[in-house]
Amino acid sequence: MAEHGEEEAATLEFTPTWIVALVCSIIVLISLLAERCLHYLGKTFKRKNQKPLYEAILKVKEELMLLGFISLLLTVCQGKIQNICIRPSWTLHMLPCQGEDEVRAGEAAPTKEHLVTAQIIGRIGRRLLSGGAAEVDVCRSKGKAPLMSLEAIHQLHIFIFVLAITHVVFSVLTMLLGGAKIHQWKLWEDAIQKDTAGNGPKKVNNVHNFEFIREHFKGIGKDSRILSWLHSFFKQFYGSVSKTDYTTMRLGFIMTHCRGNLKFDFHKYMLRVLESDFKKVVGISWYLWVFVVIFLLLNVNGWHTYFWIAFIPLILLLAVGTKLEHVIAQLAQDVAEKHSAVEGDLIVKPSDDHFWFGRPRIILFLIHFILFQNAFEIAFFFWILTTYGFNSCIMGQVGFIVPRLVIGLIIQLLCSYSTLPLYAIVTQMGSFYKKEIFNE
């Protein structure tokens, strides 16, 4: 009778109304506060005529709406998912932790991981007794196992939510830190705007006398090209954009796209483009969800997928940073190879040919994937930590955990202070200008 009473008390019809009202009030209040904060933040951006950031807020709302739909779908369909029965042998393959047979084989000398696994199984059993026993009995009566337990659905539900929130937070953090770095270039823009040099006779200079050429041009030939790539790789770690780089690329952009306005505020234009790109970065595109599904599929015990996959964003980030630096080197090389001397200031020629497949936009897609992948790593770590504990078999050994966290920190800092500022200015060196050039 006591057991029957516990089961009845767990349902809503046997829960005191004041508890139901209190819980609903808290949930609704928190949801309204979050929605109002986003609403007023969007109104602030709109009032300050920052349309790209306002659109980014709308993008965040879209992602939250998608999360809400995923949450609703999981909640409504959890009973149907549990009613799907499969052969018990199918549940023994591609497990994130050791299967029950392996656990039994090691019962003589149980490890911490085995104990944690047993605790997880115990929690699942208790959860099933309280909410999903009927569905399990349906499958057991057929000699089969449910496709997914109620506990597993609940934990997957939480993981998707944590992942999306972490991605948005990390994207905002990256844009804030990178934006702070880019705002430092405002001093260079102001100095150029105040420069009132006359229109007198222009002096003819050897191209090798320009600091931009000396810094980036490494000569002609195979060895020089290798040296140029190596220089580009290491330069992303220190002084990725110098004042000479900014001044030269700014003049090259103006002379190519708005020759009649030498006082064009290149810094303001660059920030508007970056704000516009932010609404792309903060979203979670379909191909990112495909990546999540592939990772969940390959997260098999003994494969250490969680460890090896941490190197993907790091390698991509280093490749993107090197490519962006090499675009600057190519601008210098084009001038040095075609001219021995120039009259007046050094003018580079922007071109899409300097970018992968002639498409500067590819860089943004890669940065988007890098930020999402890094957020995924951190979100997965904290989700495992809070759900199963530090000693969980899914978490892995300490030797695999620490490098992942260090790599995640390196990616966040390098992307914020080097790669993102590089992207903001170097991608303006394409053949075409962005529509933000017309925005007030």
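Labelled according to an unreviewed UniProt entry, the protein appears under the name MLO-like protein, originating from Aegilops tauschii subsp. strangulata. Under the UniProt heading Sequence similarities (unreviewed entry), the note attached to the protein is "Belongs to the MLO family."

S.K.: Describe the UniProt feature "transmembrane region" (unreviewed entry) in the protein, listing the residues and the values that go with them.
M.R.: Following the UniProt record, one finds the feature "transmembrane region" (unreviewed entry) at residues 18-42, 156-177, 281-300, 306-324, 362-385 and 405-426. Helix makes up 70% of residues 281-300 and strand 0%, with an end-to-end C-alpha separation of 30 Å.

S.K.: Please give an account of the packing of aromatic side chains that cites residues and values.
M.R.: In total, this model carries 25 aromatic pairs according to the counting rule given. On the basis of an interplanar angle of 10° and a centroid distance of 6.2 Å, the ring pair of Trp 185 and Trp 188 is categorised as stacked. With relative accessibility at 3%, the residue Trp 185 sits in the buried group. Here a set of aromatic residues connected by ring pairs shows up, and it is made of Phe 159, Phe 291, Phe 295, Phe 369, Phe 376, Phe 380, Trp 383 and Tyr 388.

S.K.: Could you give me a rundown of the side chain of Gln 155, with the residues and numbers involved?
M.R.: Inspection of the secondary structure puts Gln 155 in helix 6 (residues 150-183). A relative accessible area of 9% means that Gln 155 is categorised as buried. Those residues in contact with Gln 155 that sit more than four places away from it in its chain are Trp 383, Thr 387 and Tyr 388.

S.K.: Account for a nonpolar patch on the surface, with residues named and values stated.
M.R.: Taken together, the side chains of Trp 18, Ile 19, Leu 22, Val 23, Ile 26, Ile 27 and Ile 30 present a nonpolar region at the surface, about 670 Å² in accessible area. Inspection of the secondary structure puts Trp 18 in helix 2 (residues 17-47).

S.K.: An account of unusual backbone geometry is needed here, citing residue identities and associated values.
M.R.: If you check the backbone angles, Phe 357 has positive phi at about 55° while not being a glycine. Within the secondary structure, Phe 357 sits in the loop between strand 4 (341-343) and helix 15 (361-387). Here Phe 357 falls in the exposed class, since its relative accessible area comes to 75%.

S.K.: How would you explain helix 16 (residues 398-426) if you had to name every residue and give the values?
M.R.: When the terminal C-alpha atoms of helix 16 are compared, their 40 Å separation across 29 residues agrees well with the 42 Å that a helix rising 1.5 Å per residue should span. The principal kink in helix 16, of about 50°, is found at Cys 415.

S.K.: Lay out the environment of Leu 227 in plain terms, naming residues and giving numbers.
M.R.: In this structure, Leu 227 sits in helix 9 (residues 222-235). Classification of Leu 227 by relative accessible area gives partly exposed; the value is 46%. As for Leu 227 and Phe 217, which are separated by ten residues in sequence, their C-alpha atoms are 9.8 Å apart.

S.K.: Give a detailed account of the nonpolar core, specifying residues and quantitative values.
M.R.: Core analysis: the biggest nonpolar cluster contains 65 residues, and Ile 213, Tyr 246, Ile 425 and Val 426 have the highest contact counts within it. Among the elements that make up this core, the one with the highest residue count is helix 14 (residues 311-338) (eleven residues). Counting 29 residues, the second-largest nonpolar core is a separate cluster that includes Ala 164, Trp 289, Tyr 306 and Ile 394.

About the cut-offs
Sequence order as written defines the numbering, with residues in each chain counted from 1. Confidence filtering applies because this is a predicted model: local features only for residues at pLDDT of at least 70, side-chain atom pairs given and counted only at 80 or more, and all residues used for totals across whole chains, interfaces and linings. Excluding hydrogens and water, the side-chain figures rest on all heavy atoms present in the structure. UniProt positions are given in the numbering used here, feature names are shortened, and annotations may be inferred rather than shown by experiment. Helical segments are the DSSP runs of H or I of at least four residues, strand segments are the runs of E of at least two, and each set is numbered from the N terminus. Aromatic rings from Phe, Tyr and Trp, with only the six-membered ring used for Trp, were paired whenever their centres fell within 6.5 Å, and each pair was classed as stacked if the ring planes differed by under 30 degrees, edge-to-face if by over 60, and tilted otherwise. Residue burial is assigned from relative accessible area. The probe radius is 1.4 Å, only protein chains are included, and a residue is buried under 20% of its type maximum, exposed over 50%, and partly exposed in between. Contacts: residue pairs with any heavy atoms within 4.5 Å of one another. Two joining distances apply to patches: 9 Å for like charges and 5 Å for nonpolar side chains (Val, Leu, Ile, Met, Phe, Trp, Tyr), and every residue must have over 30% relative accessible area and no salt bridge. Residue-level accessible areas treat just the shown protein chains as cover; the underlying method is Shrake-Rupley with a 1.4 Å probe. Each reported salt bridge corresponds to a side-chain nitrogen of Lys or Arg within 4 Å of a carboxyl oxygen of Asp or Glu. What a helix is expected to span follows from its residue count: subtract one and scale by 1.5 Å. The angle between axes fitted to the seven-residue stretch ending at a residue and the seven-residue stretch beginning at it gives the bend at that residue. By nonpolar core we mean a set of buried residues, namely Ala, Val, Leu, Ile, Met, Phe, Trp, Tyr and Cys, connected to one another through side-chain atoms within 4.5 Å.

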